[in-house]
Amino acid sequence: MKTAQTWHLDMGDMQILPGARHRPPLKRPIWIIVLVSMVSLFLVCAYVYPPQSSAACYVSSSGCKVLTHWLPPAPAKDYTDGEIASQIVVREILNAAYVPSKNAKIAFMFLSPGSLPFEKLWEKFFHGHEGRFSVYVHASKDKPVHVSRYFVNREIHSRQVVWGKISMVDAERRLLANALKDPENQHFVLLSDSFYDPGPHGNGRYSEHMLPEVEKKDFRKGAQWFSMKRQHAVIVVADSTYYYKFRQFCKPGLEGKNCIADEHYLPTFLHLADPLGIANWSVTHVDWSERKWHPKSYRAQDITYELLKNITSIDLSVHVTSDEKREVQIQPCLWNGIQRPCYLFARKFYPETIDNLLQLFSNYTTI
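Residues numbered from 1 in each chain as written. Predicted model: local features only at pLDDT ≥ 70, side-chain atom pairs only at ≥ 80, totals over all residues. Heavy atoms only, no water.

A.B. asks: Just give me the short version of a nonpolar patch on the surface, but keep the residues and values in it.
C.D. replies: A grouping of Leu316, Val318, Val320, Val328 and Ile330 is seen on the molecular surface, where their side chains present a nonpolar patch of about 390 Å² in accessible area. Listing elements by their share of the nonpolar patch, those giving two or more residues are strand E8 (316-320) and strand E9 (328-332). When you line up the elements, Ile330 lands in strand E9. Here Ile330 falls in the exposed class, since its relative accessible area comes to 53%. (Patch = residues over 30% accessible without salt bridge, like charges linked within 9 Å, V, L, I, M, F, W, Y side chains within 5 Å. Areas by Shrake-Rupley, 256 points an atom, 1.4 Å probe, with all protein chains shown as cover. Salt bridge = Lys/Arg side-chain N within 4 Å of Asp/Glu carboxyl O. Helix = DSSP H or I, 4+ residues; strand = E, 2+ residues; numbered from the N terminus. Buried < 20%, exposed > 50% of the residue type's maximum accessible area, 1.4 Å probe, protein only.)

Quick look at the structure:
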């Protein structure tokens, strides 16, 4: 058969077969190499630059499907001895059975260089609530001269305080320690917020020397003026691990940055210790609209009924990041799940405002 004869052709015969097609021998391998290279490049880019959302997506004949955990899990953090010890202390304190005091009090802590110009106003505020509050005064320069009976002999052992340095945190911890001596003090307020800020005045102040205890993603910013419950006050006074990092590596001028310890230590530490147990907003109102190093200071002519009404009606906590995006972060102020006014206090007021404030306080009430 003709078909059978074909199988017996030698190589010479095959060279003269009619209609033979000549293919470039490397054409198909090149395309395979290009295809494999593109896929490899895609996978490398996807690994180095993962999507911003928590779930990835791949395309199939049925459309886009969600693919979770498509990247290798982040390696577990290797905690230092100090971190482990701190976590144990924090856990034991926060999980301890809470025994409410029969006479629970609020500790009002005042951080001042000397005399307090608004003692008369505080006297009106405290009057009629005797036995429900305690007063502690940290005067870092001069011994205060008091005009109110609630402040007499309420000074604690104080030391020099320098704005922007760790001595401010030392003063806060000193006030807390003295207030904690009274077991009836269940809430603590510092008088004279926390949020994530990627800008130069937030995470721009972070130093990698704080690793491994404090990672950049956990670095927080907030106001010095705070309110906290007793359990949080105890863990702040007991902390040494995170305090040491801020004492060493959060200071003005370090590495060309102006890290202000009292704006970052407490928000960062409490975010790490009990992220679900803090409100992340301050009960003290302050006006940063002038965008300066210090907030707006109110003069006598600024003190009006409308000003107090506006401050006491704010029910949203607003933060603006310090980067170029100037992202506005807004969250409602919730009290037991109900949106309520945010602020119980306000600053900064010049001493000249005392008479106007006293006059308004006597006639001003809020619901």
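A.B. asks: Describe helix H4 (residues 81-95), listing the residues and the values that go with them.
C.D. replies: Relative to the 21 Å expected for 15 residues at 1.5 Å per residue, H4 spans 21 Å between its end C-alpha atoms, a close match to the ideal helical length. Along H4, the residues that are buried comprise Glu83, Ser86 and Val90. The arc that holds every buried residue of H4, seen down its axis, measures 65°, which confines them to one face. Projecting away from the buried face of H4 at angles above 90 degrees are the exposed residues Asp81 and Asn95. (Expected span 1.5 Å × (residues − 1). Arc of directions from axis to C-beta.)

A.B. asks: Help me get a handle on unusual backbone geometry, residues and values and all.
C.D. replies: In the segment running from Leu211 into Pro212, the intervening peptide bond is cis, with an omega of 0°. A cis amide bond, omega 0°, links Arg347 with the succeeding residue Lys348. A positive phi angle is found at Arg326, which is not glycine, with a value near 50°. Within the secondary structure layout, Arg326 lies in the loop between E8 and E9. Residue Arg326 is classed as partly exposed on the basis of its relative accessible area of 36%. Despite not being glycine, Asn336 has its phi angle at roughly 55°, a positive value. Here Asn336 is to be found in the loop between strand E10 (334-335) and strand E11 (338-339).

A.B. asks: Tell me about the packing of aromatic side chains, and please be specific about residues and values.
C.D. replies: The full count for this structure, using the stated rule, is 21 aromatic pairs. Ring geometry for Phe125 against Phe126: centres 5.7 Å apart, planes inclined by 65°, an arrangement best described as edge-to-face. Aromatic ring contacts, followed pair by pair, group Phe108, Phe110, Trp122, Phe125, Phe126, Phe133, Tyr150, Phe151 and Phe345 into a single cluster. Cation over ring: Arg154 sits above Tyr136, and NZ or CZ is 5.1 Å from the ring centre. In this arrangement the basic side chain of Arg173 is found over the ring face of Tyr243, its NZ or CZ atom lying 4.3 Å from the centre. (Phe/Tyr/Trp six-rings, centres within 6.5 Å; stacked < 30°, edge-to-face > 60°. Lys NZ or Arg CZ within 6 Å of the ring centre and 35° of its normal.)

A.B. asks: Any details on the nonpolar core? Residues and values, ideally.
C.D. replies: Ranked by internal contacts, the top residues of the largest apolar core, which has 38 residues, are Met109, Phe188, Met228 and Tyr265. Of all the secondary-structure elements, those providing two or more residues to this core are strand E3 (105-112), helix H6 (166-180), strand E5 (185-191), helix H7 (230-238), helix H8 (241-249) and helix H9 (261-273). Residue contacts for Tyr265: discarding those within four places in its chain leaves Val169, Arg173, Val236, Asp239, Tyr242, Tyr243 and Phe246. Val137, Tyr343, Phe349 and Ile354 belong to the second-largest nonpolar core, a separate cluster that totals 30 residues. (Core = buried A, V, L, I, M, F, W, Y, C linked by side-chain atoms within 4.5 Å. Contact = heavy atoms within 4.5 Å.)

A.B. asks: Requested: an account of the state of the cysteines, with residues and values cited.
C.D. replies: One pass over the structure, following the stated rule, counts 2 disulfides. Between the sulfur of Cys250 and that of Cys259 lies a disulfide, 1.9 Å long from S to S. Negative torsions about the S-S bond denote left-handed disulfides, and the value of about -85° found for Cys250 with Cys259 makes this one left-handed. For the pair formed by Cys250 and Cys259, the shared burial category is buried. Sulfur-sulfur distance for the disulfide between Cys333 and Cys342 comes to 1.8 Å. Of note, the bridge from Cys333 to Cys342 carries an S-S torsion of about 95° and is right-handed in sense. (Disulfide = S-S within 2.5 Å.)

A.B. asks: Summarise the sheet that holds strand E4 (residues 133-139); cite the residues concerned and give the values.
C.D. replies: Taken in spatial order, the 4 strands make up an open sheet running E4-E3-E5-E6, and their pairing is mixed. Here the strands that pair on one side only, and so sit at the sheet edges, are E4 and strand E6 (227-229). Geometrically, the sheet is characterised by an average inter-axis angle of 20° between neighbouring strands, direction not taken into account. The pairing of E5 with E6 spans 3 bridges and is antiparallel. Within E6, the residue paired with His187 across the bridge is Lys229. Packed on one face of the sheet, helix H5 (residues 119-126) meets E3, E4 and E5 and runs near 175° to E3. In the packing of H7 onto the sheet, contacts are made with E5 and E6, and the angle to E6 comes to roughly 95°. (Pairing = 2+ DSSP bridges. Axes fitted to C-alpha atoms, helices over the stretch in contact; angles between N-to-C directions.)

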